[in-house]
Amino acid sequence: DDYFRNVAHVDILMKDVEIPATDTTYWCKVQKLSGTSKRRHIVEFEPIIRSEEFVHHMEVFHCETGPDVEIPLYEGNCDDLPDEAKVCSRVMALWVSY
């Protein structure tokens, strides 16, 4: 289909997450997408879940800041998210398990 000819596919995966012994944990990953100097659109969002009994929902956030601002890459408990990454709070996509 010509419409999807120029669509890039990107998998963003968590690596070896040890599930804490708490009732609820929010896990964050700050990931820079390559080639984002131009305006881009999300045309599909689909979760890849290997442990369905532990995952309730996922959100994709957009970082609202200037293009020259460096936001550190991060993966870990959202409680420890670096201050510089807190500009990444605009929800772009959401998935919820039922």
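Figured I'd write up the structure that's included with this text. (Residues numbered from 1 in each chain as written. Predicted model: local features only at pLDDT ≥ 70, side-chain atom pairs only at ≥ 80, totals over all residues. Heavy atoms only, no water.)

## Section: the state of the cysteines
Here is step 1 of the chain: The tally for this structure, following the rule as stated, stands at two disulfides.
Here is step 2 of the chain: Two residues share a disulfide in this structure: Cys28 and Cys78, whose sulfurs sit 1.9 Å from each other. Since a negative S-S torsion denotes a left-handed disulfide, the Cys28-Cys78 link at about 110 degrees is right-handed. Note that Cys28 is positioned in strand β1 (residues 27-30) and Cys78 in the loop between β3 (74-77) and β4 (88-96), a separation of 50 residues in sequence.
Here is step 3 of the chain: Looking at Cys28, the relative accessible area reads 18%, which means it is buried. (Disulfide = S-S within 2.5 Å. Helix = DSSP H or I, 4+ residues; strand = E, 2+ residues; numbered from the N terminus. Buried < 20%, exposed > 50% of the residue type's maximum accessible area, 1.4 Å probe, protein only.)

## With respect to the nonpolar core
Here is step 1 of the chain: Counting residues in each nonpolar core, the largest one holds seven residues, listed as Cys28, Val30, Ile71, Tyr74, Leu81, Ala85 and Cys88.
Here is step 2 of the chain: Here Leu81 is in contact with Cys28, Val30, Tyr74 and Lys86, once residues within four sequence places are set aside. (Core = buried A, V, L, I, M, F, W, Y, C linked by side-chain atoms within 4.5 Å. Contact = heavy atoms within 4.5 Å.)

## Some thoughts on the pattern of salt bridges
Here is step 1 of the chain: Following the criterion strictly, the structure yields three salt bridges and no others.
Here is step 2 of the chain: Of the charged contacts in the structure, one is a salt bridge between Lys29 and Glu75, with a shortest N-O distance of 3.5 Å. With Lys29 in strand β1 and Glu75 in strand β3, the pair connects residues that are 46 residues apart, well separated along the chain.
Here is step 3 of the chain: According to the relative accessible area criterion, Glu75 is partly exposed, its value standing at 28%.
Here is step 4 of the chain: Close ionic contact of Lys86 with Asp83 constitutes a salt bridge, the shortest N to O distance being 3.1 Å. (Salt bridge = Lys/Arg side-chain N within 4 Å of Asp/Glu carboxyl O.)

## Considering the environment of His9
Here is step 1 of the chain: Here His9 lies in the segment before β1.
Here is step 2 of the chain: For His9, a relative accessible area of 67% translates into the label exposed.
Here is step 3 of the chain: The spacing of His9 and Ile49 is 40 residues in sequence and 17 Å in space, taken between C-alpha atoms.
Here is step 4 of the chain: A polar side-chain atom of His9 sits 2.9 Å from a polar atom in the side chain of Asp11. (Polar contact = N/O pair within 3.5 Å; in protein donor to acceptor, adjacent residues only side chain to side chain.)

## Quick look at a nonpolar patch on the surface
Here is step 1 of the chain: A cluster of nonpolar side chains, contributed by Phe61, Val91, Leu94, Val96 and Tyr98, occupies part of the molecular surface with about 570 Å² of accessible area.
Here is step 2 of the chain: Counting residues per element, the nonpolar patch draws most heavily on β4, at three residues.
Here is step 3 of the chain: Looking at where Val96 falls in the secondary structure, it is placed in strand β4.
Here is step 4 of the chain: Owing to a relative accessible area of 32%, Val96 belongs among the partly exposed residues under this scheme. (Patch = residues over 30% accessible without salt bridge, like charges linked within 9 Å, V, L, I, M, F, W, Y side chains within 5 Å. Areas by Shrake-Rupley, 256 points an atom, 1.4 Å probe, with all protein chains shown as cover.)

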